[in-house]
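An overview of the molecular structure
Single-letter residue listing:
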There are 4 protein chains.
Amino acid sequence: PTPQAILDNKSRQKRVKINVGGEKHEILWENLGKQPDTRLGQLKNARSHEEILELCEDYSLEDNEYFFDRQPKAFAIILNLYRTSKLHLAEEICVVEFLDELEYWGVDEHQLDPCCQLKLQQRRDQINDDVKKDSELLFIVGEDEFGDSNLDKIKKHIWDLFEKSLTLPQRITGFLSLFFILLSVLTLSLSTVPDLQELGCKSTNQSACVYAVAQTQNMTMTEAADAYPEELEVKEHYVLDELEIVCIVWFTLEYLLRMFAAPNKPKFFRGWLNTIDLIAILPFYVSLFLVHFDTAGRVLQVLRVIRILRIFKLARHSTGLQSLGFTLRHSYQNLGVLLLFIAVGVIIFSALAYFAERDDNSRNFESIPHSFYWALITMTTVGYGDIVPTTIIGKIISMVAGVCGLVVIALPVGIISNNFQLFYEEQKRKEKAFKRRKEMEKF
Amino acid sequence: PTPQAILDNKSRQKRVKINVGGEKHEILWENLGKQPDTRLGQLKNARSHEEILELCEDYSLEDNEYFFDRQPKAFAIILNLYRTSKLHLAEEICVVEFLDELEYWGVDEHQLDPCCQLKLQQRRDQINDDVKKDSELLFIVGEDEFGDSNLDKIKKHIWDLFEKSLTLPQRITGFLSLFFILLSVLTLSLSTVPDLQELGCKSTNQSACVYAVAQTQNMTMTEAADAYPEELEVKEHYVLDELEIVCIVWFTLEYLLRMFAAPNKPKFFRGWLNTIDLIAILPFYVSLFLVHFDTAGRVLQVLRVIRILRIFKLARHSTGLQSLGFTLRHSYQNLGVLLLFIAVGVIIFSALAYFAERDDNSRNFESIPHSFYWALITMTTVGYGDIVPTTIIGKIISMVAGVCGLVVIALPVGIISNNFQLFYEEQKRKEKAFKRRKEMEKF
Amino acid sequence: PTPQAILDNKSRQKRVKINVGGEKHEILWENLGKQPDTRLGQLKNARSHEEILELCEDYSLEDNEYFFDRQPKAFAIILNLYRTSKLHLAEEICVVEFLDELEYWGVDEHQLDPCCQLKLQQRRDQINDDVKKDSELLFIVGEDEFGDSNLDKIKKHIWDLFEKSLTLPQRITGFLSLFFILLSVLTLSLSTVPDLQELGCKSTNQSACVYAVAQTQNMTMTEAADAYPEELEVKEHYVLDELEIVCIVWFTLEYLLRMFAAPNKPKFFRGWLNTIDLIAILPFYVSLFLVHFDTAGRVLQVLRVIRILRIFKLARHSTGLQSLGFTLRHSYQNLGVLLLFIAVGVIIFSALAYFAERDDNSRNFESIPHSFYWALITMTTVGYGDIVPTTIIGKIISMVAGVCGLVVIALPVGIISNNFQLFYEEQKRKEKAFKRRKEMEKF
Amino acid sequence: PTPQAILDNKSRQKRVKINVGGEKHEILWENLGKQPDTRLGQLKNARSHEEILELCEDYSLEDNEYFFDRQPKAFAIILNLYRTSKLHLAEEICVVEFLDELEYWGVDEHQLDPCCQLKLQQRRDQINDDVKKDSELLFIVGEDEFGDSNLDKIKKHIWDLFEKSLTLPQRITGFLSLFFILLSVLTLSLSTVPDLQELGCKSTNQSACVYAVAQTQNMTMTEAADAYPEELEVKEHYVLDELEIVCIVWFTLEYLLRMFAAPNKPKFFRGWLNTIDLIAILPFYVSLFLVHFDTAGRVLQVLRVIRILRIFKLARHSTGLQSLGFTLRHSYQNLGVLLLFIAVGVIIFSALAYFAERDDNSRNFESIPHSFYWALITMTTVGYGDIVPTTIIGKIISMVAGVCGLVVIALPVGIISNNFQLFYEEQKRKEKAFKRRKEMEKF
Ligand SMILES: [K+]
Ligand SMILES: [K+]
């Protein structure tokens, strides 16, 4: 039709039919003019056949109808903008889809009413977070690519042996791994029990040692060690010592094999589970080296303590521990807030208690830093009772500290707890899906 | 119409009307071609009258309209896939229904946009869980089927007597059952109170006993028992002893009758409420048997302690306790996580504290296993204060342990608490529905 | 039209148009026959003009259209039942409305799919609960009706004086009421402080008292009271005594005036706030009466203690306390569960601890009932530390008790806490609405 | 058309078509008459062309159709009111939008069904709250307006230096500010450690001081200070003293510069972050002044304690602390409820415990106010154990107090915790949005 016909038609009609995907909407022409920059506003001002077809898919002047091949639901919402100049969100439409439609119709998202503006942003953030978390979780349980060479096939076998638990050998390996972790921790714990300790030679001079042992026949082990500090020492039982070596051998073997078979070395070294594995074996070898230095006593002690961190190797076998790690790393801001709240509380209450108690109770509240312990033990409601206030003011401060502790610690812990819940359920769901996929692959 | 007419018609028209249950959608023919494997894609390529009628219920070439007798709401969403190649979920449609529709239209569920993919899976899991839980709860409160013989009628009467509380006799039985549970627990508790104990004969030699009693006239009961360890012992009061026997008689009777009347024996023996009933009476009979052996003293003690487990018989009378049991059994993974977290925390902190304190405070932190107690009492924030650190490092460790305890225990407890809440409300609702049904049956 | 015309028309047409409130649905006639008992099933089988008009509002054989004047949204869902034999709930429709529509269309609600069955029941329960709670809350903040006589007007003035806080006199009364509650509690607290006590005459024999006072010049008050137990006693300071009487006078006056002015006497006596008011004054008058009996010493003590319950009079001035009361009364089942859990835990752990500790630590774990205190103090994580286990088994039991306490107490407290939150917010909202209405009435 | 034609038409037709934005609804004329005050009710009674056009945009008697240029979705819901006399809310429509539509159609919102009435009010309150909170948060992170003069430009530079962290100088300033806060708190803490204190001159008489020092050569610092109380005192180390002065100089400078540069002075003085800054420096200057008065010892002590409040200056650098402050100020009602609950509990339990324990344990439970400490330490589950009940009744009371403490404190803390969570997430979101905007401005 000629531009004139179009103009005539438009001016003759009060209303216009907008056919969106088969759903026919009617609206006054003048209302469309209220938003001139949008697609429909442009339609109102379009004067030629070409202009119109650029805006819509099809139209008919006789029916006074313009056809758009888009989804009708979101459009129904958007059309209200022309009528009431207000744009509200509908619960039912996925926010991503809605934004796509807004773009098509040339409507700016800032025209949303304030009450829905907030909602839009929240839901968009939510979706972005979900997708991001999703990809990270996939990274953890994700599939690894191996090459096709023979060596690669062996590598894949070794890798699957330690990573999966579908076949019997894989399950046995998993069980052994778990067994040695528990054995190792048990060994360390038992090695400190006095009844399981024995008297050993400290000096390299064997005869001096034998002489010393002979001299201390009627003493307890500790007395003997004290009597001949140069020659004798109280050691862990030799069986525990040997068990420890067995564990270390397994851990070392496991780590080396895994490192050798890892399809993606950088990812292997970045993985925190592997870092824990390394921490579990390194101290032993460092001790072996350091034992030749006389002055390394203190360091050896520390290395011995570090052995306890092997317990974190359990994370490889427990979704719960992995979720804990995941939560802590992703809630580091919330953990920071928790520590900050606690720190602020501890500093304030220990300072107040110190000033209140220092005259009457200076042995317990010796200085502000000494009072930190009391303040934290009170705020966490542990309340050992080894340090208690004795003055009225001190008692009032400890009452306030107790209540503040309850309130202030509950706040960030609530957030962290929520995060953990989400991660844990997500992880469980992913694992289930992954396992289902794996089992289908087996057949 | 001839295939030629169909082809002509299709090529003449730019758009097509899809009538789904009366709702008319319009879309460009070319858009339908984007998804050739789906029902609508096949429609585009259909060439004969028969082919078309296999895909839709009815059509008319003049109106250019194809009729499908399906629900229009889900279709509106699915149609967008052809326009934007994106498929989003709508909040308003039940996910089970939506999947049915996807299948009808030949659309794969994996074509959902990532943002909605997650939602779909969550809701489907949710529904599956709900349905599964539902059926389990029904199992507990469910109806039992009895036969029609006279014996079966008696059995049904006995069974209802113990299981329901609709008629007066049933209520009385319920009350008696509750009364004897409480009486039994009270008896056990009171039997340990020194003021309610009495001096009794241990030896079977009566005259020796009488003599011993005569000799210990001015002593306390404990002294007397110590003076004549062979002849005398401090026993619970004979009234308590008799009450205990009355309770046992009732419990035995109840159990036997219930076992006799149970309509479904395997289910009866699998039920954990019945297992508790058995545990409540067995120790008594085992003791009766064991008392003839001199060396059974230790075992008798243990059997005596087990009597306290009768308190769990209360579960039959309390929805709360049943929900607790239900929650614990269904949250066993979460409980495992809780125990694992606690175990890891306890082992780490007790090891650290042991190494920090062993020189200055070796009496309290004797070894790592001995320090477990301190670590757990600190992490649960009980904090008795009987074992406290004395070194600076030890104090810092106990501060960290307290904070970690708060955080780490809060995480799984939050999940378990949510589970409990859901179970408990569900159970309450079910019970209400069940009771309503029962009461309607009475009339 | 004749029945024949109707039948002909039906058999000629494959589909039928159902016009529900202007929305036209199309469906195959045969599908309607699947549910013959419903309104549409009956429509299929209707044979005469009259029958049809009984089922729908209007119809036209030419258009093959039947008109129903109902809402189209719920119908769209219901129509699916004919197509797929499945009925699903839509999120968007209020459940009450949906049930109304189901009834109109003659569809039984049990035809809902299991996945939506649950949802329906939950939402219906929810709505019923909300409405019930609502009416109860209205009862509390609700309006009272007074008559029109002069006496009634005075009564209304007095009533408003104590119940509302819109005008200045009303606010002053409210402030005075609050002031006297706090004063009364303060008086009771201070009267127990030794420094604020004084020596008073116990005997009615004045001269004996004066003599006794003279003899005890150099003693402390307690010593004096002990030396002349018949004549002297340590009393609260006379000023506190007088303040107490002032408070009692106010409370009595307030109660009598409120009772006199109450528009609804039964409601007045049923109200628990008024019962608290009564409890706050009764003990005083009972003491006045009992003081003439020599043997009433013990009862007088108890009456004195009961005075502390006056603090609950604060509930009249605090939404928080009212919500607490409301929560406790409506969560009595949950409180019962909490107490039951605690009771079960306490009994089990105290029995176990008693048997574990009685040989080594019989002074602390003297009997099971004596151990209740230890068990509860451990389970609530208060952990005073005055009673601690000394044996290994006892320590393990207390560790388990601590963890169980944390878990088991968290479960019902979570539910109660949620209830409180709901009540409190509801109450706040109601109060705001009520206040707004009141303030509008003033103008 | 003439009024007669309109009337004729209306009486001829049983139904009417209501075209709302293209969606055609049909309804019986008589149903429209049920709500005569609404727009549609008036339409039914409208008799002339003009009257009708006042109510709707367009109409056609032939089609029996009336056109309204409004959104169809809300109308579908509203139309049900005419059919069933019930008005229900739809989940999917924004409540603000729905109210607008209700107004247009002349329907009163009180005609909503009770089940939806509640929902409406909740959602409206929610939206109002959200918008209000939003504007307050904007106030905090909001933009400040500066003039265009040169001085204003300098001011803006200074202001940005302290308020923002986009450029390097701004980051350095922020880091310095943080550093001095921590240094200051550290200084105060360390100054109380005995090992870091030194003996200083108290008297202005130098020679007396020197003499005193000479005399006390072999004494500890404390002994020396005690021996010559007029001349000597134990002071903080002079380095700490100097560090404190450096911090004060920085804080003063910062405060003055910020005050000078503040674009909006009233807002500056109202801001609580700035008040904290003032509190952080004032005590020092007041001490400087007061030190000249001999009798100011006590006040000086208090001023020294107040220095610890500087830790709150951290709030400027931590979203968490700001959210805490924000939460506490907006949850003041909930905090009030918490304190009230605690106060009521403390008063009741301390009174009960006092009456139970005063005879056997009067040293610990000396009076009701003295027992407050015990009651609160029990209710918060801190449980130091320095004061424990010894009587049976006292033990029962402390058990009840422990359980009540757990329950009663959990209730308001739950609400406060929820509030904090909302504020914190909101704040984080705002900050992110603000930062994004800022960074876009830089380019
Ligand atoms: K404690
Ligand atoms: K504690």
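We now turn to the structure provided with this report. Because the structure is predicted, anything quoted here is derived from the model rather than measured.

What about the interface of chain D and chain A?
- Across the contact, 65 residues belong to chain D and 67 residues belong to chain A.
- Where chain D abuts chain A, roughly 5700 Å² becomes buried across the two surfaces, and 65% of that area is made up of carbon and sulfur atoms.
- Viewed at the interface, chain A and chain D are joined by 3 salt bridges.
- At the boundary of chain D with chain A, the tally comes to 9 residue pairs in polar contact (both at pLDDT 80 or more).
- For the side of chain D that touches chain A, the element with the most residues is helix α19 (residues 392-442) of chain D, which contributes 11 residues.
- Across the side of chain D that touches chain A, the residue classes break down as 31 nonpolar, 14 polar and 20 charged.

Some points on the relation of the copies chain D and chain A
- Mapping chain D onto chain A is achieved by rotating through 90° and translating by 0.0 Å along the same axis, at an RMSD of 0.1 Å. The relationship between the two copies is best expressed as a four-fold rotation axis.
- Each copy contacts the other with its own distinct surface, as only 14% of the interface residues of chain D are interface residues in chain A too.

Regarding the sheet that holds strand β4 (residues 65-68) of chain B
Residue and element names in this part refer to chain B.
- Read from one edge of the open sheet, 4 strands run β2-β1-β4-β3, paired in mixed fashion. Every other strand in the sheet has two partners, leaving β2 (23-28) and β3 (58-60) as the edge strands with one partner each. When the angles between neighbouring strand axes are averaged without regard to direction, this sheet yields 20°.
- As paired strands, strand β1 (residues 15-20) and β4 are joined by 4 bridges and run parallel to one another. Of the residues in β4, the one forming a bridge with Lys17 is Glu65.
- Each of β1 and β2 touches helix α5 (residues 72-84); the most contacted strand, β2, lies at about 5° to it.

Thoughts on a nonpolar patch on the surface
Residue and element names in this part refer to chain A.
- Residues Leu151, Ile154, Leu253, Leu257 and Phe260 make up a contiguous nonpolar surface patch of roughly 440 Å² in combined accessible area.
- Broken down by secondary-structure element, the contributors of at least two residues to the nonpolar patch are α8 (150-163) and α12 (238-261).
- Here the element with the most residues in the nonpolar patch is α12; it accounts for 3 residues.
- Tracing the chain through its elements places Leu253 in helix α12.
- Taking the relative accessible area as the measure of exposure, Leu253 reaches 49% and is therefore partly exposed.

Regarding the coordination of the potassium ion (ligand 2)
- The potassium ion (ligand 2) binds to the protein through Thr381 of chain A (O), Val382 of chain A (O), Thr381 of chain B (O), Val382 of chain B (O), Thr381 of chain C (O), Val382 of chain C (O), Thr381 of chain D (O) and Val382 of chain D (O); the donor distances cover 2.7 to 2.8 Å.
- Taken as a pair, the potassium ion (ligand 2) and the potassium ion (ligand 1) show a spacing of 3.6 Å. Highlighted residues: Val382 of chain A in the loop between α18 (368-379) and α19 (392-442) and Thr381 of chain D in the loop between α18 (368-379) and α19, drawn from two different chains. Each member of the pair Val382 of chain A and Thr381 of chain D is classed as buried.

What to know about the packing of helix α17 (residues 332-357) of chain A against helix α16 (residues 319-330) of chain D
- One way to put it is that α17 of chain A packs onto α16 of chain D with a least axis distance of 9 Å and a crossing angle of 70°. Compared by their axis directions, α17 of chain A and α16 of chain D come out roughly perpendicular. By crossing handedness, the relation of α17 of chain A to α16 of chain D is classed as right-handed. Contacts from Val337, Leu340, Phe341 and Val344 of chain A of α17 of chain A reach α16 of chain D at Gly320, Leu321 and Leu324 of chain D.
- Classifying every residue of the contact of α17 of chain A with α16 of chain D by side-chain character gives 6 nonpolar, 1 polar and no charged.

Focus on the relation of the copies chain B and chain A
- Expressed as a screw transformation, the operator carrying chain B onto chain A has a rotation angle of 90° and an axial translation of 0.0 Å, and the superposed copies differ by an RMSD of 0.1 Å.
- Both copies present different contact surfaces, since only 13% of the interface residues of chain B are interface residues in chain A too.

Scoring rules and cut-offs
- Residues numbered from 1 in each chain as written.
- Chains lettered and ligands numbered in written order.
- Predicted model: local features only at pLDDT ≥ 70, side-chain atom pairs only at ≥ 80, totals over all residues.
- Heavy atoms only, no water.
- Contact = heavy atoms within 4.5 Å.
- Buried area = accessible area lost by both parts, 1.4 Å probe.
- Salt bridge = Lys/Arg side-chain N within 4 Å of Asp/Glu carboxyl O.
- Polar contact = N/O pair within 3.5 Å; in protein donor to acceptor, adjacent residues only side chain to side chain.
- Helix = DSSP H or I, 4+ residues; strand = E, 2+ residues; numbered from the N terminus.
- Nonpolar A, V, L, I, M, F, W, Y, C, P; charged D, E, K, R; others polar.
- Least-squares fit on C-alpha atoms with pLDDT ≥ 70 in both.
- Pairing = 2+ DSSP bridges.
- Axes fitted to C-alpha atoms, helices over the stretch in contact; angles between N-to-C directions.
- Patch = residues over 30% accessible without salt bridge, like charges linked within 9 Å, V, L, I, M, F, W, Y side chains within 5 Å.
- Areas by Shrake-Rupley, 256 points an atom, 1.4 Å probe, with all protein chains shown as cover.
- Buried < 20%, exposed > 50% of the residue type's maximum accessible area, 1.4 Å probe, protein only.
- Donors = N, O, S within 2.8 Å, 3.2 Å for Na, K, Ca; no water.
- Parallel < 35°, antiparallel > 145°, perpendicular 65-115°, else oblique.
- Left-handed = near helix turned anticlockwise from the far one by under 90°.

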